[in-house]
Amino acid sequence: MDVSARRAFNLLKEMAYVRVSGTEEEKKAAERLLAEAKKCGVKAQIEPFTVKTGKVNKARLVVTAPYVKEYEVTGYERSLSTPEGGLDAEFYYAENLLPVHLQNCKGKIVMINGRLRRADYEKLQKAQVAAILTFSGTTLDRNSETDCDIRKLREVMTDPFGFAVALNMRAADAAEIVRRGAKTMHIEVDSECFDAQSQNVCAVIEGSKYPDEIISFGAHYDSVHFSTGVYDNMSGSVIIMELLRYFAAHQPERTLKFNWYGSEEQGLLGSKAWTLAHEEELENHVLMINVDVAAATLGQNAAPILATEAAVGYVDALMKEHGMACGVKMDIYSSDCIPFADHGVPAINLCRFGTAGAGYIHDRRDNLKSGYLDEKSLDITLQQALMLAKHVVNAKVFPIERTISDEIRKKVDEYLFKEKK
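Now for a look at the structure at hand. (Residues numbered from 1 in each chain as written. Predicted model: local features only at pLDDT ≥ 70, side-chain atom pairs only at ≥ 80, totals over all residues. Heavy atoms only, no water.)

Moving on, we get to the environment of Phe 91. Structurally, Phe 91 can be placed in strand β4 (residues 87–95). Taking C-alpha positions, Phe 91 is 36 Å from Lys 411, a pair spaced 320 residues apart along the chain. With near-sequence residues (within four places) excluded, Phe 91 lies in contact with Ile 109, Met 111, Leu 133, Ile 177, Val 178, Ala 182, Lys 183, Thr 184 and Met 185. (Helix = DSSP H or I, 4+ residues; strand = E, 2+ residues; numbered from the N terminus. Contact = heavy atoms within 4.5 Å.)

Quick look at the packing of helix α9 (residues 309–321) against helix α11 (residues 375–393) now. With their axes 11 Å apart at the nearest point, α9 and α11 run at an angle of 120 degrees to one another. Looking at the two axes, α9 sits oblique to α11. Our pair here, α9 against α11, has a crossing hand that is right-handed. Contacts between α9 and α11 involve Tyr 314, Val 315, Leu 318 and Met 319 from the first element and Gln 384, Met 387, Leu 388, His 391 and Val 392 from the second. When grouped by side-chain class, the residues that make up the contact of α9 with α11 number 7 nonpolar, 2 polar and no charged. (Axes fitted to C-alpha atoms, helices over the stretch in contact; angles between N-to-C directions. Parallel < 35°, antiparallel > 145°, perpendicular 65-115°, else oblique. Left-handed = near helix turned anticlockwise from the far one by under 90°. Nonpolar A, V, L, I, M, F, W, Y, C, P; charged D, E, K, R; others polar.)

A few words now on the packing of aromatic side chains. All told, the structure shown has 7 aromatic pairs when counted by the stated rule. Note on Tyr 231 and Tyr 372: the rings are 5.8 Å apart at their centroids and 65 degrees apart in plane angle, and the pair reads as edge-to-face. With Tyr 231 in helix α7 (residues 230–249) and Tyr 372 in the loop between β14 (347–354) and α11, this residue pair connects regions lying 141 residues apart in the sequence. Residue classification places Tyr 231 among the buried residues on the basis of a relative accessible area of 5%. On the basis of relative accessibility, which here comes to 4%, the residue Tyr 372 falls in the buried class. A network of ring pairs unites the aromatic residues Phe 217, Tyr 246, Phe 247 and Phe 258 as a single cluster. One Lys or Arg, Lys 28, reaches over the ring of Tyr 17 and ends 4.5 Å from the middle of that ring. The side chain of Arg 180 reaches across the aromatic face of Tyr 67, ending 3.7 Å from its centre. (Phe/Tyr/Trp six-rings, centres within 6.5 Å; stacked < 30°, edge-to-face > 60°. Buried < 20%, exposed > 50% of the residue type's maximum accessible area, 1.4 Å probe, protein only. Lys NZ or Arg CZ within 6 Å of the ring centre and 35° of its normal.)

Judged by how many residues are buried, β14 sits mostly within the fold: 6 of 8 residues are covered. Sheet topology places strand β11 (residues 285–291) next to β14; 4 bridges connect them, and they run parallel. Paired with Ile 289 across the strands is Ile 348, a residue of β14. (Pairing = 2+ DSSP bridges.)

Our focus in this paragraph is the pattern of salt bridges. Evaluated as defined, the whole model comprises 31 salt bridges. Salt bridges linked by common partners bring Arg 7, Glu 14, Arg 32, Glu 36, Lys 39, Glu 242 and Arg 245 together as one network. (Salt bridge = Lys/Arg side-chain N within 4 Å of Asp/Glu carboxyl O.)

Now the structure itself:
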């Protein structure tokens, strides 16, 4: 059996629906992937894990002076609730949270630019703000064609710095609020925090000659709110399913593990749970190959590598030898490769990034109707993945040293917010 981009793209079409962490839709997708893996005749199972999540029952924001107007907002999942009757406070636009801004934040509803990053959250909590306000999208968005993004206070924020009241709004509304000189606001948030279940789909093919050397293939299958996630990352999920089919029919010399991770979009929760549950076996893992985003018609191929310069040279040479255009470089990548590199396992990411104006991610435009994905372009990354896999899986001597460079180690530690010793 050979790989088939058409078969892969048909599976992608079948699973083109929203699959948010901890939902029934995510579970449905996991069960479908499990069934497909089992059809290949391999051992496969679902491994559940717990995720901290939440639900916002009500979110409301009204500018009360010098004018009165209510704006559409969404509450952050795992936000604090406001007191009964809501919260009234002064509004302050803190832009990029320079020290001059921070001294004006105490007790106010504070809006910042961009996403709510962990470092900014720490500053806002220490400044004792009454509530946090962010915005998403662009000032040119049409309400009928876009959504007010739903975001989450992740554990990396709340565990060290506590919970806060947090809301998100549209960029155009944020601009109007600043332009019209809003002074005071009334906000209401009714929020619940609870644990939910997510799941990883896991399959294994035992090696015939070097069974104690394990190569791990990974892709996440969850999506964000409003997004069908066909680009990010059902495309990667169907690619590694094709690799599973291939090696199920062509027994590998090394043991192969295939993992479809849940809850990646919530902070790599699936791969973190998997590496924690399988920590003892990780010393036998010689490589992790991760596929995250593919199939963009207009785009470019990339392979960020979390290993050494020697590994970069090896992959780059293979791509050139086979006439495959791919920008290979040593760097981290915000995906399920990170927990493996954290445990000392070298990782290779294969991606095809949609170019500006022809690539949509993390919103409703990541869908098949947007017309920016096709099976021929998916085949580009599929063929790169198959070529690379065939070389390393049956190599007489494994060609990539099980080493993470100091540069990558430092970047991984920073990504995971590890405390400096």
